[in-house]
Structure formats: structure tokens, C-alpha cells
Amino acid sequence: MLESVVFSKSAESVFVSNFIFNHPFNKFSIRKPLKLNFSMEKHSTKSCKNPVLACQASSDSYETSSLRKDDSPVHGLSEMIVGVLGGGQLGRMLSQAASQMAIKVMVLDPLENCPASALSYDHMVGSFDDSATVEEFAKRCGVLTVEIEHVDVATLEKLEQQGVDCQPKASTIRIIQDKYLQKVHFSKHGIPLPEFMEIKDVEGARKAGDLFGYPLMVKSKRLAYDGRGNAVAKSEEELSSAITALGGFDRGLYVEKWAPFVKELAVIVARGRNSSILCYPVVETIHRENICHIVKAPAAVPWKIRELATDVARKAVSSLEGAGIFAVELFLTNDGQILLNEVAPRPHNSGHHTIESCYTSQFEQHLRAVVGLPLGDPSMKTPAAIMYNLLGEDEGEHGFYLAHQLIGRALGIPGATVHWYDKPEMRKQRKMGHITIVGSSMGIVEARLNSLLKEDSSDCQSTVTPHVGIIMGSDSDLPVMKDAAKILTMFGVSHEVRIVSAHRTPDLMFSYASSAHERGIEIIIAGAGGAAHLPGMVASRTPLPVIGVPVRASALDGLDSLLSIVQMPRGVPVATVAINNATNAGLLAVRMLSLGDADLRARLTQYMEDMRDDVLSKAEKLQKDGWESYLNP
């Protein structure tokens with residue numbers, strides 16, 4: 001049985017000065033003096049425990065008591081030190097989330113001024129792929145996790161054998177590090193993938209081209225991210241240049257059949273220490289030069305596609321070991337298939353929006369998972385969000401100037417939040433920060449992003465998005481429909497009034513109904529005279545609630561319109577009000593909107609109280625003056 005030297009509380013305390021760890025012969029340095037407790041007592045690795053573990057997370061349940069077994073208090077959710085290999089922007093945002101939860105995050109990164117340095121509980125300066133440094137770092141941590149998968153996995157495996165708690169497991173990191181091995185692993189578990197094969201020489205590459213056709217995706221097995229390690233050969237003649245661009249066959253290469261995707265999707269998956277799994281909503285990712293540029297949440301895809309993507313992501317993560325956040329990147333093909341592209345065993349660019357848009361951010365969720373706390377709610381708390389990566393537009397100071405100009409404009413955009421990573425060096429296409437914009441619809445947040453990217457963002461601030469659309473087939477309906485507009489104006493509800501005829505402008509009606517939701521419309525009020533086709537036809541093309549207003553026509557006094565609306569076929573619901581009563585249609589829309597607006601609900605309550613007081617006042621006057629005086633004041 002392996003044995004190891006462990007620290008003991010009973011041993012004499014020894015202070016190790018900063019000088020020792022910063023000595024030029026050492027491969028690492030620590031910014032803060034350490035108080036280390038040494039003991040030569042030996043234990044088996046099974047019973048080995050780290051002295052800094054104030055609260056050991058259980059793989060089965062989380063101990064909610066505020067006292068540990070030795071009756072000393074726990075300050076915060078957990079006093080376990082979470083060690084993070086890597087101190088980039090992901091480590092920085094993990095540290096931000098940890099500070100809100102009173103969890104201590106310590107990072108290992110070679111740069112003294114890495115993005116996480118200023119916000120982490122502590123920072124060991126050293127290489128996260130150097131074995132000795134990682135082993136020393138692990139001694140100070142209760143659980144070890146990663147913000148970059150390109151670490152020394154052999155060291156992690158060795159540490160696990162010694163009893164160090166690594167989340168996710170080293171076996172998972174080993175699989176993910178090698179993209180070819182990753183593909184083999186997921187293929188064995190029945191996960192749908194683009195066809196792939198290893199290539200070891202030019203002849204093998206040509207055979208792959210003959211088998212898969214062109215264009216052909218050539219990839220490096222290792223150290224490939226943000227577009228690095230990928231090359232496209234559009235023909236057999238381009239194979240050699242693609243292979244050379246990736247460093248040749250000694251680098252380790254494989255090829256994938258080109259996936260005819262129409263959208264790139266992603267699912268952030270949280271896995272607890274007890275193997276419980278929660279999935280965040282499916283998002284769409286848009287890349288610029290193979291680097292994630294924009295993320296739209298949720299993805300504008302049919303519900304069946306969302307379910308399929310979530311199912312593939314869940315199965316992929318279930319095949320791996322360990323707790324934490326996993327990002328699953330997917331292709332949506334033109335025939336409706338979902339193919340797995342790759343998986344990252346850590347927080348990911350496609351989940352940055354969760355900080356503002358979800359009840360539990362991916363960074364808080366990762367900490368919950370690796371420590372052993374209950375997983376949080378991954379659902380969105382806002383209808384729509386867009387994450388825009390701040391990529392370096394130029395080198396050096398001019399690049400900083402351009403980025404800060406964009407940040408300045410973002411501060412004036414409703415629903416926008418800026419995240420700056422505080423990287424000391426600006427380079428083209430380098431991720432320097434991101435901006436998340438949230439709003440009541442994807443159309444609204446897209447409009448705000450477009451405004452942000454213009455030199456003048458004043459248009460976005462001055463434009464009011466209508467929440468209710470009032471439509472009618474003819475201007476002859478306007479004298480009735482204006483009452484709905486008056487009610488909405490009185491309650492401060494933004495709205496638009498349009499003429500949209502079901503019979504004379506069917507294409508316009510189709511376009512209006514189909515796009516209303518994306519533009520931010522939440523309710524449609526449709527005036528209906530005569531045949532009354534407008535409310536029903538609009539309802540058949542939109543998921544929004546539609547309120548029909550029967551408008552009195554020259555024949556049948558509007559009864560024909562009323563009967564037409566209330567006889568809609570099953571599956572296409574349309575609400576309605578009394579003939580010519582657009583006032584009630586406006587009030588019904590206000591009531592529906594007030595379900596998610598406390599201020600509007602309070603104004604509606606006041607309106608009802610005012611109506612009551614008006615009736616009581618009239619009743620009192622009638623009783624006091626008598627009916628004759630009341631009628632003849």
C-alpha cells in the first residue's frame with residue numbers, strides 16, 4: 001500500500017518565508033507567507049486528509065450543519081480551499097462567484113498578474129503543467145479543479161492515487177485532452193458524431209479524402225482550442241498545406257468528415273459529486289475566425305431540437321467521471337440531426353451569459369459541484385440574452401483604446417453588463433472581456449447589440465420597444481380600436497397601432513404574426529369586422545396570446561364577428577371581449593402583462609379602486625339627492 005507524509009495539527013507550526021518559495025532555483029513562487037504544519041507521521045493514502053480541509057464534501061450528500069466534527073465553526077458555505085489549475089478569465093470569474101459564497105479559491109498560474117490574481121483567495125505563481133509545482137499546489141487545496149484542460153494529467157492521476165480530490169477526474173481530463181481519443185470515447189458510448197479517422201501519413205490522408213470527400217476537416221489531437229489546431233482542405237491538392245499548417249504528422253493528426261451544419265449549438269451541463277445532472281438551456285454560438293464571438297440564449301431552434309441537443313449533451317457528460325461544469329459543443333445539420341463536436345470539462349465561453357441570465361451562473365454551479373453543495377437552478381431568469389466577446393481589434397494601446405470605446409457605449413445600453421478580464425497585454429483576436437445584454441426578447445437584445453456596435457448608440461436609448469400590438473384590417477375600425485390604445489397609454493404600456501388585413505395584405509399579416517415575438521411584442525389585440533378572420537389567422541402564426549375585438553359592422557351589428565372569433569378550431573385559441581369593447585381588450589392585455597410587473601399590477605389595483613370609489617360616490621349622491629335631482633342637476 002502506498003504511504004505518504006501528511007501534515008498534522010499536533011505538529012509544531014513553521015512559518016515559511018516568501019524568500020524560500022521565490023528562490024531562483026524553485027519552479028514556483030507564492031505571494032503570501034505560508035503557515036505550514038509538519039509531521040512525519042505516516043498514513044495510508046486511503047486515510048490521508050489535507051489539513052486545510054475544514055469541511056470535507058461528501059459524494060453522497062452535503063453536510064449542512066454549521067459545525068464540523070471538532071465543533072469549530074465554518075465561516076461561509078465551506079472552508080474547503082478550491083484549487084484551480086489556471087488563472088485566466090475563467091479563474092477570475094470563478095473567484096468572483098466564490099467571493100459571493102464565502103468559498104476560497106486559490107489559483108496556480110505562471111503569470112504574476114494573471115486575470116484571476118487580483119480576485120482569488122491566493123495565487124501560487126508557477127506552471128500548471130509542471131509536475132512538482134502541481135503536487136506542491138495540491139497540498140494546499142481541499143479539492144483540485146481546472147479552468148484549462150491542457151494540464152499534466154499524469155500528475156493528476158498520481159495525486160488521485162495519493163488521495164487528492166480532483167474534480168472532474170483525471171480520467172476525464174485525459175480523454176478530453178486528446179480530441180481523437182475524445183471522439184473514440186464518445187463513439188463507443190453511442191453519441192452521434194461526424195465521421196472521423198486517424199491519419200499518420202499523406203497516403204492515409206488521401207484515403208480519408210476519398211472516403212469522406214471535400215472539404216475535409218484536418219485536426220490536431222492535442223492543444224487545439226479557439227480555432228487553433230484546425231485546418232480545412234478544400235481539395236486533395238490542399239491536404240499537404242493543411243497538414244503542414246498543423247505541424248505535420250508528428251503533432252498527431254486526425255480528420256473529420258465535413259458536417260453540413262446550419263447552426264452551432266452548445267449546452268452547459270452541471271454534474272454533481274453524486275452524478276446528478278442538470279442542463280442549462282441550449283444556446284447558439286456564432287464564431288469569427290473559429291473563435292466564439294456571439295452566444296444567443298436561448299437558441300432559436302424548435303423545441304424538439306432543444307430536447308435532442310440536451311439529450312445528446314446529457315449522455316455525453318454521463319459517460320465521463322467527476323463533478324463540475326461541462327460545455328458540450330454541437331452541430332445542427334440541415335436534416336435536423338445533432339452531432340457532437342467536442343466537450344470542455346470546465347466553465348466555457350458559451351456559458352458566460354449565465355452570470356446575468358440564469359438563476360445560477362456556470363461559475364457558481366461549478367463551485368457547488370466540486371465542493372459538494374446542492375446544484376443550483378440552471379433555468380433562465382430573463383427571456384433572452386446575448387453574450388458578445390470583446391476580441392482584440394488591434395495590437396497594443398490602440399487595441400485597448402478601441403475596446404474601451406466599445407465599453408463606454410455599452411454602459412449606455414439598457415440591460416448590458418460589461419466584464420473586463422484585466423489582461424495586461426492586448427493582441428488581435430485575444431479574448432479581453434465580454435458584454436452580456438439581457439431583455440424581454442431576442443429581437444430586443446439583438447437590436448441593442450447592433451446599436452452598440454455602431455459608432456452612435458443613441459438610437460437604442462431613445463427607441464421604446466412596443467409590448468402590445470394593436471392591429472385592424474381597415475382604418476374604419478380605428479374609431480373602435482383607439483380605446484385599447486387609450487387604456488395602454490394610461491397605464492404606460494408601450495404599444496403600436498397597425499393596419500394589417502387578412503384578406504388584402506395576407507403576406508404582411510403573415511410577416512407581422514411571425515415576427516411579433518422576436519420584436520418584443522408580448523400580446524396582440526386584433527380588431528375583427530365582418531368575416532373576422534384577422535384574429536384567428538394571426539393566432540395560427542404566433543405563440544403570443546391574441547385578443548380579438550368584434551367590431552360592429554353595417555350588417556348583423558357585429559354578432560357575425562363575435563361568433564366567428566368564438567368558433568375558432570381547437571388548437572388555435574383566441575380570447576375575445578364584448579362587441580366594440582376595445583377598452584376591455586386593453587385592460588385584459590394590462591392584466592396579462594401585470595403578472596410579471598409589480599408596478600403595473602399596483603397601477604391596475606389602483607384603477608380598480610378608483611372605479612369602486614367612483615361608483616360609491618355616485619351611489620351616495622343618488623341616495624342623498626334623490627333620483628330626480630340626480631338626473632337634473
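Presented here is an overview of the structure given in this document. The structure displayed is predicted, hence computed values, not measured ones.

1. Thoughts on the sheet that holds strand β24 (residues 495-499)
Turning to step 1, where the next piece is worked out: Spatially, five strands are ordered β24-β23-β25-β26-β27 in an open sheet, and the strand pairing comes out parallel. Looking at which strands have only one partner, the edges of the open sheet turn out to be β24 and β27 (575-576).
Turning to step 2, where the next piece is worked out: Note: strand β23 (residues 468-472) against strand β25 (residues 523-529), four bridges, orientation parallel. When the sheet's bridge partners are listed, G469 is paired in β25 with I524.
Turning to step 3, where the next piece is worked out: Across the sheet, helix α16 (residues 506-515) is in contact with β23, β24 and β25; its angle to β24 comes to roughly 160°.

2. Overview of helix α3 (residues 131-138)
Turning to step 1, where the next piece is worked out: A large share of α3 lies buried, amounting to six of its eight residues.
Turning to step 2, where the next piece is worked out: Every buried residue of α3 is accounted for by T133, V134, E135, E136, F137 and A138.

3. Section: helix α4 (residues 153-161)
Turning to step 1, where the next piece is worked out: For α4, the full list of buried residues reads V153, T155, L156 and L159. All buried residues of α4 lie within an arc of 155° about the axis, which places them on one face of the element.
Turning to step 2, where the next piece is worked out: Considering only its buried residues, α4 is in contact with β6 (81-85), α3, β9 (143-146) and α5 (170-177).
Turning to step 3, where the next piece is worked out: Taking the backbone nitrogen of A154 as reference, a side-chain oxygen 3.3 Å away marks D152 as the first, capping residue of α4.
Turning to step 4, where the next piece is worked out: Positive phi appears at G163, one or two residues downstream of α4, with a value of about 100°.

4. Some thoughts on the sheet that holds strand β10 (residues 196-199)
Turning to step 1, where the next piece is worked out: Strands sit in the order β10-β13-β11-β12 across an open sheet of four strands; the sheet is antiparallel. Each edge of the sheet is formed by a strand with only one pairing partner; in this case those strands are β10 and β12 (230-233). On average, each strand axis in the sheet is inclined to that of its neighbour by 30°, with strand direction left out of account.
Turning to step 2, where the next piece is worked out: Looking at chain direction, strand β11 (residues 216-220) and strand β13 (residues 253-257) are connected through five bridges and run antiparallel. Bridge assignment links L216 to a residue of β13, and that residue is K257.
Turning to step 3, where the next piece is worked out: Contacts from helix α6 (residues 179-188) reach β10, β11 and β13, with the element oriented near 145° to β10.
Turning to step 4, where the next piece is worked out: Lying on the sheet, helix α7 (residues 202-212) is in contact with β10, β11 and β13; it crosses β10 at an angle near 165°.

Reading guide: rules and limits
Residues numbered from 1 in each chain as written. Predicted model: local features only at pLDDT ≥ 70, side-chain atom pairs only at ≥ 80, totals over all residues. Heavy atoms only, no water. Pairing = 2+ DSSP bridges. Helix = DSSP H or I, 4+ residues; strand = E, 2+ residues; numbered from the N terminus. Contact = heavy atoms within 4.5 Å. Axes fitted to C-alpha atoms, helices over the stretch in contact; angles between N-to-C directions. Buried < 20%, exposed > 50% of the residue type's maximum accessible area, 1.4 Å probe, protein only. Arc of directions from axis to C-beta. Polar contact = N/O pair within 3.5 Å; in protein donor to acceptor, adjacent residues only side chain to side chain.

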